[in-house]
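Given next are the chains, with one letter for each unit.
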Amino acid sequence: METLTWATALPLIFMAVMGLALLAYVILDGYDLGVGMLLPFATDAEKDVMVSSIGPFWDANETWLVLGIGVLLICFPMAHGMVLSALYLPVAVMLLGLVLRGVAFDFRVKARDAHKATWNRVFAAGSLVTTLSQGWMLGAYITGFQRDLWGMLFATGIALTLPAAYAMLGVGWLIMKTDGELQRKAARWGQGALWPMGFALMGISLATPLISRTVFDKWFVLPELFALLPIPLACVAAFFAIRHVLAAPRVVAAGYGWIVFASTVLIFVLAFFGLAYSIYPYIVIERLTVWEAASATESLAVIGVGVAITLPVIIVYTIFMYRVFWGKARELTYGL
């Protein structure tokens, strides 16, 4: 058995920090991207409440993206160069979408009534563009940046289906944060997004082992197959828990609407750990391992001091922010 040393352990620790930061970003920014994409289906008054529900959180949620990409840059510079070189265009498109969201968020509140609808559309478009680009990046990453027909089709498939998954996060968030007619509308939107999300996840789960031999070898061997079976089974259980709550208005009215959000988060978490297991020990699948991509051990030790200070601060701030601004959302207003 190989002895565990700092040279082998530190890259794994930073890989875990980066992965968990990106998972936190996908969940936290995922729901507000979902709310943004649902905006066109609401009335003007409901739009104000929807934006208010994410107002205190959405900017801070993106802190986790900065942390994850920052760890990739300074701890795994070889992987950073490879990933960003392959994903330069979708990253630029994602940043454009985030900029559009940020500008529209501020301008929609202060714009005249004649222009407010335009900024609402810009906010929704920015949310959709950001989500599509993130889906493309995920698909390209899973394939190891293959540029053949199957790789391109796979990336396109994830890009087109990720909006349904983010919309479900947004639905769960709105059910928790709103009440009355908007809450009932959110449940109906969830019923429309649920099956597309389910079929998309099923298709991706079946296609991923076919597109990557590494993933196939990790999942379809015995006895690992039986040990990993609880992951898809738990996803199926969470899916039908969402379906049951969305189809039962009395359950939502009784205060159990949070099950929709929690079950959707569970699906994301299980998918994340399934992907992490599938690609380990690679940081760029079939091309670059964690240890090959890592900075020098001495550098990682110094970086670790900064991360040990920064990460708890971000966690504490995030928890504090959600505690302070928790509760039902009301129409967003700005003082003069």
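Residues numbered from 1 in each chain as written. Predicted model: local features only at pLDDT ≥ 70, side-chain atom pairs only at ≥ 80, totals over all residues. Heavy atoms only, no water.

### Observations regarding the overall build of the protein chain
No. 1: When helices and strands are counted, the protein chain shows 16 helices and two strands.
No. 2: Scaling as 2.2 N^0.38, a compact globule of 336 residues should have a C-alpha radius of gyration of about 20 Å, and the protein chain matches this with 21 Å.
No. 3: Projected onto its principal axes, the C-alpha positions of the protein chain cover 65 × 45 × 40 Å.
No. 4: Of all 336 residues assigned to the protein chain, the portion counted as buried reaches 48%.
No. 5: Considering only intrachain contacts with a sequence separation of at least 6, the fraction spanning at least 24 residues in the protein chain is 79%.
No. 6: For the protein chain, the accessible area works out to roughly 16800 Å², and carbon and sulfur atoms hold 72% of it.
No. 7: When the 20 basic and 19 acidic side-chain charges of the protein chain are each reduced to a single mean position, those positions are 10 Å apart. (Helix = DSSP H or I, 4+ residues; strand = E, 2+ residues; numbered from the N terminus. Rg over C-alpha atoms; globule rule 2.2 N^0.38 Å. Buried < 20%, exposed > 50% of the residue type's maximum accessible area, 1.4 Å probe, protein only. Contact = heavy atoms within 4.5 Å. Areas by Shrake-Rupley, 256 points an atom, 1.4 Å probe, with all protein chains shown as cover. Lys, Arg positive; Asp, Glu negative; His and termini not counted. Charge placed at Lys NZ, Arg CZ, Asp CG, Glu CD.)

### Describing the packing of aromatic side chains
Note on aromatic pairs: each is described by the distance of the centres and the angle between the planes.
No. 1: Under the defined criterion, the tally for this structure stands at 20 aromatic pairs.
No. 2: Taking the centre distance of 6.2 Å and the plane angle of 85 degrees together, the rings of Trp173 and Tyr322 count as edge-to-face. Remark: Tyr322 occurs in helix 16 (residues 297–324) and Trp173 occurs in helix 8 (residues 149–177); sequence separation between them is 149 residues. Neither Trp173 nor Tyr322 differs from the other in exposure class; each is buried.
No. 3: A network of ring pairs unites the aromatic residues Tyr31, Phe57, Trp173, Phe261, Tyr322, Phe325 and Trp326 as a single cluster.
No. 4: Lying across the ring of Trp326, Lys177 places its NZ or CZ 5.1 Å from the centre.
No. 5: For Lys218, the ring lying beneath its charged end belongs to Tyr277, and the centroid distance is 5.0 Å. (Phe/Tyr/Trp six-rings, centres within 6.5 Å; stacked < 30°, edge-to-face > 60°. Lys NZ or Arg CZ within 6 Å of the ring centre and 35° of its normal.)

### Topic: helix 2 (residues 44–54)
No. 1: Burial of helix 2 is extensive: nine of the 11 residues sit out of reach of the surface.
No. 2: Residues of helix 2 that are buried include every one of Glu46, Lys47, Asp48, Val49, Met50, Val51, Ser52, Ser53 and Ile54, and no others.

### Details of unusual backbone geometry
No. 1: A cis geometry characterises the amide bond from Tyr280 onward to Pro281, with omega recorded as 10 degrees.
No. 2: Considering the arrangement of structural elements, one finds Pro281 in the loop between helix 14 (258–279) and strand 1 (282–284).
No. 3: With phi around 65 degrees, Phe145 is a residue other than glycine that occupies positive phi space.
No. 4: Turning to its location among the elements, Phe145 is positioned in the loop between helix 7 (113–142) and helix 8.
No. 5: Classification of Phe145 by relative accessible area gives buried; the value is 9%.
No. 6: Although it is not a glycine, Glu286 adopts a positive phi angle of roughly 65 degrees.
No. 7: Taking relative accessible area as the criterion, Glu286 reaches 39% and is therefore assigned partly exposed.

### Overview of the pattern of salt bridges
No. 1: Under the defined criterion, the tally for this structure stands at seven salt bridges.
No. 2: Where Arg108 meets Asp48, a salt bridge forms, and the shortest distance between an N and an O atom there is 2.8 Å. With a gap of 60 residues between them, Arg108 in helix 6 (residues 88–110) and Asp48 in helix 2 connect regions that are remote in the sequence. Just as Arg108 is buried, Asp48 falls in that class too.
No. 3: Within this structure, Asp29, Asp32 and Arg101 form a network of salt bridges that share partners. (Salt bridge = Lys/Arg side-chain N within 4 Å of Asp/Glu carboxyl O.)

### A few points about the side chain of Thr318
No. 1: Along the polypeptide, Thr318 turns up in helix 16.
No. 2: Leave out the neighbours within four places in its chain, and Thr318 touches Leu28 and Trp64.

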